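Structural description and commentary
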Amino acid sequence: MATMKTLGLAFSAGAKCFRTRLGLDILNRSIPLVHCVSVRHKYKSSPLVSDDPGAYTGFEVSRNPEEWKYVQDLLPQPIIKDPAPKPEYPSGWRPQNPPADAPYFVKRTANHQLPVYMVRRGPRGQVLRTKVRYIQGDIWTLEEEIRAVLKQVYPRDVVQTQVNEVAGVIILRGDYVSAITEYLKSKGW
Amino acid sequence: MLRSLVLRALRPASCFQNVARFSTVTDTTAGEVNPVSFYGNEPKVVSRELEFPTNDGRARKAWVENLDSVAEKKLGMVDLHPHIFAITPRLDIIWQNTRWQMNYRKVNLTQVYSRAEVRGGGRKPWQQKGLGKARHGSIRSPIWYNGGIAHGPRAPTTKFYMLPIHTRLLGLRSTLSAKLAQDDLHIVNSLDIPTNDPGYLEELAEERKWGPAVLFVDDTDVAPENIAIAADSINHMNIMPVYGLNVYSMLKHDTLVLTLAALEKIEKQILFHTHRVDRAKQNEKFMTSSV
């Protein structure tokens, strides 16, 4: 249909030129400019497939708030909500349950995950660093604990750490994400 | 109903949209709840619901003060969100924000002549061969005295860049935390003052040991008439709406004065951006065409 319309426009323009060439009055708008609808909104100007309403999928407009709840569940949420409390989660995720007497605090990320990351740097990502973020309070105690844990898990490794007290970040040389995550989880962080 | 009436008395001029989150008591119930000593029969703000409550043991509170008398009256106490007002200030992030604010608006207009723009030099100064001299094609080549400049500055060069949104947010949070820790952050119920005399503001700042530079922040961009006239003739006292709050101005002024409504809006905005779902999209590279 759109093609036909374009052709129609082209035809009418061509007819105009033809008339001009013949010395006819251009301002005499006797040319039937039927197809002067913009071709941009193609779907609106297209004809219906069928005039019979029964040929289309039926629908009804509902303004029931009970039904609207199901629609709302499908809409994207603007804000990351707290997960619904359950005794156990299939992914193994657990909500934070911090120990009362710890001299430090490890904040969860906005996505409720532990802030332990592996960072790849250097040529072709060969340099591995483990980064623990969002540590508040006595960061040095946590560093000692992490070192002790890694000494147990990896007795042959020489664990090297870098502590940024202002930013609340501990960086370890090597990939220790799993061990540190497990340790923090076991402590309730 | 009682609460809304009480709050209307507390903040008469503007902004009723967020007031329901402040809970207040009158003198009749003060003995049970309120740790604040009272002045007369005025209602007191005692607590505030915080979105995204924290469990890290940090808590910050601030007095709610008044501006309608030179002497300070404590109208109550509000909770401040620890993630905004109690973080360890990152001086590096504050500096990044300041540098960004100083630079992104700059356009370098320095320009020097290139070899094409220096007058003359179109003719080969001497023939290529036979003279025993070095080969030259133009007397305005960069190696010539009075020649053009190679790779010189070309105008206009914009210094525009965007800090990542989370660096900007952390800058705001760091600065607000630093201001609170240094006792330079004050919460007031409203910006209404009884007179438009600039001396009143100066006297008030002197009495309360504010300033000398004071930044008043309200949630609307229409300030009450008296304070607008009074602050207009004092160069170091300025009024700003919430959407204009920035790290540079907070550092430039010694004291930051927030209204309750402004505090509410600042917290709401910062918490929304730190907890929004599409944060990964926010981290995408900034394109000027996408504004």
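For the structure itself, look to the data block above.
The text that follows walks through the structure, step by step, so that each part is easy to find. (Residues numbered from 1 in each chain as written. Chains lettered and ligands numbered in written order. Predicted model: local features only at pLDDT ≥ 70, side-chain atom pairs only at ≥ 80, totals over all residues. Heavy atoms only, no water.)

Turning our attention to the overall build of chain A. A count of helical and extended segments in chain A gives five helices and six strands. Looking at chain A residue by residue over its 189 residues, the buried ones come to 25%. Long-range pairs, those at least 24 residues apart, make up 60% of the contacts in chain A with a sequence separation of at least 6. Summing over all exposed atoms, chain A offers an accessible surface of approximately 14,200 Å²; the carbon and sulfur share of this is 57%. (Helix = DSSP H or I, 4+ residues; strand = E, 2+ residues; numbered from the N terminus. Buried < 20%, exposed > 50% of the residue type's maximum accessible area, 1.4 Å probe, protein only. Contact = heavy atoms within 4.5 Å. Areas by Shrake-Rupley, 256 points an atom, 1.4 Å probe, with all protein chains shown as cover.)

Glancing now at the overall build of chain B. Helix and strand counts for chain B stand at 10 helices and 10 strands. Taking contacts inside chain B between residues at least 6 apart in sequence as the whole, the part at least 24 apart equals 71%. Carbon together with sulfur atoms contributes 54% to the accessible area of chain B, which is approximately 16,100 Å² in total.

Attention now moves to the interface of chain A and chain B. Counting residues at the interface gives 13 residues for chain A and 14 residues for chain B. Across the chain A/chain B interface, buried area totals approximately 1,100 Å², and carbon plus sulfur atoms make up 59% of it. Summed over the shared surface of chain A and chain B, the number is five residue pairs in polar contact (both at pLDDT 80 or more). Class assignment of the residues belonging to the side of chain A that touches chain B gives a composition of eight nonpolar, four polar and one charged. (Buried area = accessible area lost by both parts, 1.4 Å probe. Polar contact = N/O pair within 3.5 Å; in protein donor to acceptor, adjacent residues only side chain to side chain. Nonpolar A, V, L, I, M, F, W, Y, C, P; charged D, E, K, R; others polar.)

Strand residues, when the strand is regular, have side chains that alternate between the two faces of the sheet. Residues and elements named next belong to chain B. Of all the five residues making up strand β10 (residues 255–259), five are buried; the element is thus mostly covered by neighbouring parts of the structure. For strand β8 (residues 214–218) and β10, the ladder comprises four bridges, and the chain directions are parallel. If you follow Val214 over to β10, its bridge partner there is Thr255. (Pairing = 2+ DSSP bridges.)

Residues and elements named next belong to chain B. Take Asp278: it is sitting in the loop between α9 (260–275) and α10 (279–282). With 100 residues separating them in the primary sequence, Asp278 and Ala178 have C-alpha atoms 29 Å apart. A polar atom in the side chain of Asp278 sits 2.7 Å from the side chain of Arg276.

Turning our eyes to something else, we now look at unusual backbone geometry. Each neighbour pair has its own omega, and for Ala155 of chain B with Pro156 of chain B the value is -10°, a cis peptide bond. If you trace the backbone, Pro156 of chain B turns up in the loop between β5 (107–108) and β6 (157–158). Here the amide bond leading from Gly211 of chain B into Pro212 of chain B is cis, since omega sits at 15°, within 30 degrees of zero. Mapping Pro212 of chain B onto the fold places it in the loop between α6 (198–207) and β8. Unusually for a residue other than glycine, Tyr134 of chain A sits at a positive phi of about 55°. Along the chain, Tyr134 of chain A falls in the loop between β3 (127–132) and β4 (135–137). Under the relative-accessibility criterion, Tyr134 of chain A is labelled partly exposed at 27%. Positive phi is not limited to glycine here, since Asn146 of chain B has a value of about 65°. In this fold, Asn146 of chain B is placed in the loop between β5 and β6.

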